Every structure is written in structure tokens, then in C-alpha cells.
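Take a look at the letters that make up each chain.
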Amino acid sequence: MNIEQVQTYLRQNFPTVEIKAVADSRNIVTLSGSCESWQQLVDIGHGVAKLDGVKNVVSDMTVQGMELPKKDYGPLIEKGEKAGKLAEADVVVVGLGIVGCAIARELSKYNLNIVAIDMAEDVATGASKANNGGVHHAGGVKPGTLKAKLSVRGNRMYDRWAQELGFDFVRSGDLLYVEDPDDIDELCEEFKIALKNGDYRPQLVDGAQAMEIEPNLAKYNRKPVMGLWLPSQGRVHTYEVAVALIENAAMNGVRVFFECSACKIYTENGQVTGILTDKGRIDTKYIINAAGVYSDDVSAMAGDRCFTIHPRRGTLAIMDKSKKPMFEHLTGHFISAAKQKRNPESKGGGMEFTPSGNILIGPSATERPDKEDVETTREDLDFIMKINENPDVSEKDIIRIFAGTRPADFSEDFVIGMSPIAHRFINAGAIQSPGVGASPAIAEMVENIVKEDAEKSGHPLQPRADFNPIRPRKVRFAELSREEQDELIRKNPAYGRIVCRCETITEGEILDAIHSPVVPTTIDAIKRRTRAGMGRCQGGFCQAKVLEILARELGKKPTEITLHGKGSNILDHENRAPQKEENA
């Protein structure tokens, strides 16, 4: 790669700003200079990343009149150094979204001392909480990328995952159709991409065949002239998968630390020796970076600035279950990114349905400078509702609007591999869509990196003879027959006490969640495990009872129970003194 080529591109395409480019031996380009807007900064990064020979882009660029948010790790370092030594490990996994949980579980097959940490109070509190749960087919994914390779491999691994880990997985299939003959060429391009990527049996179908696959097209007066049937598409609740993975990892010896922020990495002679958290130092041989939107920061802690995350906020809306999906399969009118006026770098979203039967619409895709910006806006909601194809659904049917940030880098690909700067530091960063579907394959890839390195060092990994891949499916009271419910209540009366009326969640199910291998300590953590609070009232009726159960079972005061960790206490103080018993 010629750095002058990069400078020429910048001068020609962004003549109003002065941006300097330097490249390292890996052809990673670092850009500096002042941009006129955040969107311009993102556009410059994307443009340079697309140039021939450029591996990735690191941004030191600024924006005129804007102070870009940057996390201050200084107080965390001071706190961690005062705390002293926290633990020893062979492997530390940083970040417990679906990818970090998958890696922890995959490596627990071996005789390794594994510690998994997350800055939040539970698993799946970032992008793994706020996405549409798609186990994607390989259409629409750029061929030749890690995204394409791992998406196809991971999709095929999900049936075994679901069987072993007991989470809901629906192999829904995806039917894309066009009604305008002028759109056929673009639909055919999507088909060619799916074929090139090795997707499972993608098929172009004519209008009549599309109606056979999805008969309800006629009910809604749709008139497809051509369709693309992608049977590999699946649906999950991503947070449910993450919980199942980390529970199985813990069953196999992985230690989990929540509210434990990585803030410094120690190296000696080019090899990692430990990681500092705000709770103390962990001495370790390997560090796996699965830190989501902060994965670029964690990589920089190891001395390897090889990518920059530019957060992309996505907003979604969930509808009440009284509104039913239009179609049996995921089915959508195929509209190009340009016609839909959505971010061309994002897969975007559409009309979906969850494994639990809720209609879900979104996500949007908005570039934002703040990694923790999960604000929901009128603009994003308007975009979402324009995607809505169901004539029976409107804004009044929404029970929840939420947003998350995708950890996108400028290459718009996954960053996975052993660092050449800090040996035994392994990146699994910049994982955005199709990261949910690719997560089994990402974990497998990281496993193979560790295995290969261990073999080269003369200390090959030893499989655990007692590894148990099975995490039994939890009781779902609402799914049982009346006879099964009666029998369960006879054995344990707690299953006869309904806590969440919207979703028919019992006290027994909440107790099962609390007494699991990875203990949930917040209202939202219980919600992720049981669905208590996910119905129409969004916890309006059941939250107080869930709080009471958590306080009782954890031995805490009600005022100590939070919604989602520090600073989110639901009760501030007792406002009524305990009543004294009077003598009769």
C-alpha cells in the first residue's frame, strides 16, 4: 500500500479538511486532523478503509466544535491498584455479551483456569441485549470477509447449541420478494451473494412459488413477481442464548466477575502477563478481548491500536402479543438500502418476530460519537415505523422502545486474531451483525487460536474428561399442559404462585433463575432469564414482587435491589417505620 495514495484520496474527496495519514507495517492507517462533523469523520474512515491494501483504520481525528466522548480509565486504575491481586487464571475473557459467553463456554472444554469479567452487572447488557435476534443467512454479507465465513459456519452450528443449551431457536426461514420487475436485478444480486458465501440452499422462486411458500401474501394483497427463499434464517432471544452459555460455562468451572472493568493490561517481553480491573489484578497467560464497543480501548491497553469503534445506534420497537405476525416465515418486501434511505454500511432491519411471538420492528442505524448513547428518538422511531408492513400494527401497539450501539469499525468486518504486538492477547472485537449467528463460529475460531498457540509452546490443551455440554432447559410454566402444571405445583407450590400475569411467570421460575450457576441480582437480570416484566405492563404489576423475592433470596434489603446495577436503585429508603406489636 502506498500512503501517498491515501493522501491523494483524502485531498480529492475531502478537500475542505486537512487529514494526515500514516501507516504501520500491517497497513493499518491512522488518521488525524479536524473534521467538520461526526458523519464526515465516519465517511473519511470508511473511505480510507475501502482503499486497496488498507487493512483497517485507527482514528485520532477530532470534530470541530465537538468534544468526542472518551472513557477515563484513570480512576479505575487507581482503584484496581489499591485493591491488589484479585485472581490467577490461564485465560481471562473480557466482555460477556453473546460472543464472550460463547468463548468462555468453548474454552471450558479444557483443563484451563478461566475467569470471565464484565463491566456491567449481568451478561448481555450491551449490543446482545438490544438487537433483533437474527441468526442470519449469508445474503447481504460481503463475500470474502470474516463476517461471511463465520456467519455461514455459525448458522449451521445453532441447532446443536439449542439442543445442548435449552434455549428457544426458531428456524424461520426468510422470504424476500419484489413486486416491481425493475427490482428483480437487485434481488438476483442478493441471491448471487448468498451462493458465493456458501449459504444453505438459497433459491430464486417465481411469484407463484413465493405464494406457495407463504400463502398469507395473498391475504395481504401482495403480488410478488419474484422471491428469494433463504431457509437457513433463524431467530433467537440473544440475551437468552448468552445466559445459557455462561451458565454452562460456570457449570464447567468458569469463574464470573460482574461490575469488574478492565482498565490496564500488563506485558513483559511482548507477552501478556496480567490484566488490571477496578477490583484488582488478575495474573493470566491469555486475554480474550470480547469487549464490544470498548474492544478498541481494550486492544489499545495491550499496546495494539489496530482498529477504532465508531458506535452505530440501533433502535427497535416491540409490539404487544395481541398483534400477530403477518406471516409464518420471516417475509419482507425487498427494498435496497438506497431506496430505504438507510445506512449503506449496515444490514439495517425490518419486520421481524421473536421466538416468543412478539412482532419486532427495526433496528435503525444512526452513527453516534458516544459509545453509551442508547437514547430513543422520534427520528429513529419514525424510521422504524416506515419499515412496518403490517396494516394492523401502529405506534399504539408498542409496549417497549429500546436502543443499543453496534461496535462497528471502519473495515465493517470482525477483528479476530492473535495480536502481533502483545502475544497471547486475542481480539474478538468489532462484532456487529451478523455477530449473533456467527457467535458459535467466532468462539470456535478463538478456541483454535488458543489451541494452536498452546501446541507451539509445548503445552497442548488437555480436554476435560468431565466436561458437560448440557445445560438443561428451564421450566416454562406457561408452555405446560394443565396436567403438567398441576403435577409441578404438587411437587413445589411456588410454581402455583403467578408473579408476572402478562407472561404467566411463576415464583418457582424466578427461584430457579436466582439459584442458577450464575446468580442474577437485578430486576433486569431476572427479566432476561424468566421474561417476568416483558409483557404488556412492562413490570408495572410484577416488579414489586420480583424485588421482594430477590431481596429475600439474596439476603438483601429491598433498598439494595437495583433495576440494572449501580445507580438504578428502585427504592431509595424506607418511608414507614416498622409497626411495633402491641401487647394484647
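Residue positions are counted from 1 within each chain, in the order its sequence is given. Two thresholds apply to this predicted model, a pLDDT of at least 70 for residue-level local features and 80 or more for giving and counting side-chain atom pairs, whereas whole-chain, interface and lining totals are computed over all residues. Processing note: side-chain calculations cover all non-hydrogen atoms of the structure and skip hydrogens and water entirely.

A. A look at a negative patch on the surface. Distance thresholds for patches are 9 Å for like charges and 5 Å for nonpolar side chains (Val, Leu, Ile, Met, Phe, Trp, Tyr), applied to residues having over 30% relative accessible area and no salt bridge. Here, Shrake-Rupley sampling with a 1.4 Å probe gives the accessible areas, and only protein chains in the shown set may cover a residue. By definition, a salt bridge exists where a carboxyl oxygen of Asp or Glu is found within 4 Å of a side-chain nitrogen of Lys or Arg. Counted as positive: Lys and Arg. Counted as negative: Asp and Glu. His and the chain ends are not counted at all. Every charge is mapped to an atom, namely NZ of Lys, CZ of Arg, CG of Asp or CD of Glu. Together, Asp180, Asp182, Asp185 and Glu186 make up a negatively charged patch on the protein surface. Assignment of secondary structure puts Glu186 in helix H6 (residues 184-197). In this description a helix means any DSSP run of H or I spanning at least four residues, a strand means any run of E spanning at least two, and both kinds are numbered starting from the N terminus.

B. View of the environment of Arg529. Relative to the assigned elements, Arg529 resides in helix H16 (residues 523-530). Put simply, Arg529 and Ala244 are 285 residues apart on the chain and 9.1 Å apart in space, counted from C-alpha to C-alpha. Contacts are residue-level and defined by heavy atoms, with any inter-residue pair within 4.5 Å sufficient. When sequence neighbours within four positions are dropped, the list of residues in contact with Arg529 reads Asp122, Val123, Val243, Glu247, Ala513, Val518 and Pro520. One polar contact links Arg529 to Asp122, side chain to side chain, over a distance of 2.8 Å. Polar contact is the term for a pair of N or O atoms within 3.5 Å; when the atoms are in protein, one must be able to donate a hydrogen and the other to accept it, and sequence-neighboring residues count only if both atoms are side-chain atoms.

C. Looking closely at the state of the cysteines. Cysteine sulfur atoms that come within 2.5 Å of each other are treated as a disulfide pair. Throughout the structure, instances matching the rule amount to 0 disulfides. Unpaired in this structure, Cys542 has its nearest cysteine sulfur neighbour in Cys500, at a distance of 4.2 Å.

D. Inspection of helix H15 (residues 507-514) at higher detail. For every residue, the accessible area (1.4 Å probe, protein chains only) is compared with the maximum for its type, and the residue is labelled buried under 20%, exposed over 50%, or partly exposed between those bounds. Of all 8 residues in H15, 7 are buried; the element is thus mostly enclosed. The set of residues buried in H15 consists of Glu507, Gly508, Glu509, Ile510, Leu511, Ala513 and Ile514. Elements in contact with the buried residues of H15: strand E26 (498-500), strand E27 (505-506), H16 and helix H17 (543-554).

E. A look at the pattern of salt bridges. Tallied over the entire structure, the rule returns 50 salt bridges. The salt bridge partner of Arg160 is Glu164, with a shortest N-O separation of 3.4 Å. Remark: Glu164 and Arg160 occur in helix H5 (residues 146-165); sequence separation between them is 4 residues, near one turn of the helix. On the basis of relative accessibility, which here comes to 39%, the residue Arg160 falls in the partly exposed class.

F. View of the pairing of strand E21 (residues 359-362). DSSP-based pairing: two strands are paired if at least 2 bridges between them are found. Where strand E18 (residues 312-319) meets E21, 2 bridges bridge the pair, whose relative direction is antiparallel. Bridged to Ala317 within E21 is Ile361. Two elements, strand E20 (residues 350-353) and E21, share 4 bridges in a ladder whose sense is antiparallel. Within E21, the residue paired with Gly350 across the bridge is Gly362.

G. Looking closely at unusual backbone geometry. Residue Pro363 is bonded to the preceding Gly362 through a cis peptide linkage, with omega at 5°. Tracing the backbone shows Pro363 in the loop between E21 and strand E22 (366-367). Along the chain, Ser433 connects to Pro434 via a cis peptide bond; the corresponding omega equals 10°. Mapped onto the fold, Pro434 is located in the loop between strand E25 (425-429) and helix H13 (435-456). For Asn27, which is not a glycine, the phi torsion comes out positive at approximately 65°. As for its placement among the helices and strands, Asn27 is situated in the loop between strand E1 (19-23) and strand E2 (28-35).

H. View of the nonpolar core. Judged by nonpolar contacts, the single largest core of 58 residues is most densely connected at Ile103, Val123, Tyr158, Phe167, Ile416 and Ile442. Of all the secondary structure elements, the ones that give two or more residues to this core are strand E5 (91-94), helix H4 (98-107), strand E6 (114-117), H5, helix H9 (238-251), strand E17 (286-289), E25 and H13. Each residue touching Phe167, except ones within four places of it in the same chain, is listed here: Tyr158, Trp161, Ala162, Val236, Glu240, Val241, Ala244 and Arg473. Ranked by size, the runner-up nonpolar core spans 33 residues in total, among them Ala87, Ala262, Val272 and Ile275. For our purposes a nonpolar core is just a set of buried Ala, Val, Leu, Ile, Met, Phe, Trp, Tyr and Cys residues, chained together by side-chain atoms within 4.5 Å.

I. Summary view of the environment of Val241. Along the chain, Val241 falls in helix H9. In this structure Val241 comes out as buried when scored by relative accessible area, which is 0%. Residues Val241 and Arg153 lie 88 residues apart in sequence; the distance between their C-alpha atoms is 17 Å. Setting aside chain neighbours within four positions, we find Val241 in contact with Ile98, Tyr158, Trp161, Phe167 and Val236.

J. Representation of the packing of aromatic side chains in the model. Ring pairs are drawn from Phe, Tyr and Trp, using the six-membered ring of Trp, whenever the two centres fall within 6.5 Å, and their geometry is named by plane angle: stacked under 30 degrees, edge-to-face over 60, tilted for the rest. Applying the stated rule across the entire model yields 5 aromatic pairs. Look at Tyr9 and Phe14: their rings are 6.2 Å apart centre to centre, the planes differ by 70°, and that puts the pair in the edge-to-face class. With respect to burial, Tyr9 and Phe14 carry one shared label: buried. Pairing Tyr158 with Phe169 gives two aromatic rings, centres 5.5 Å apart and planes at 35°, and the pair type is tilted. Residue Tyr158 is located in helix H5, and its partner Phe169 is located in strand E8 (residues 169-170); the two are separated by 11 residues in the primary sequence. In this structure, Tyr158 and Phe169 share a single accessibility class: buried. Here a set of aromatic residues connected by ring pairs shows up, and it is made of Tyr158, Trp161, Phe167 and Phe169.

K. Representation of the sheet that holds strand E11 (residues 226-230) within the structure. Pairing in this open sheet of 4 strands is mixed, and the strands run E10-E11-E9-E19 from one edge to the other. Looking along the sheet, the strands with just one partner apiece sit at the ends: strand E10 (203-206) and strand E19 (330-333). Averaged over neighbouring strand pairs, the angle between their axes works out to 20° when direction is ignored. The sheet contact formed by strand E9 (residues 174-178) and E19 spans 4 bridges and is parallel. Residue pairing for E19: Tyr177 is matched across the bridge by His333. To get an axis, fit a line to the C-alpha atoms, keeping to the stretch in contact for a helix; angles then go from 0 to 180 degrees between the N-to-C directions.

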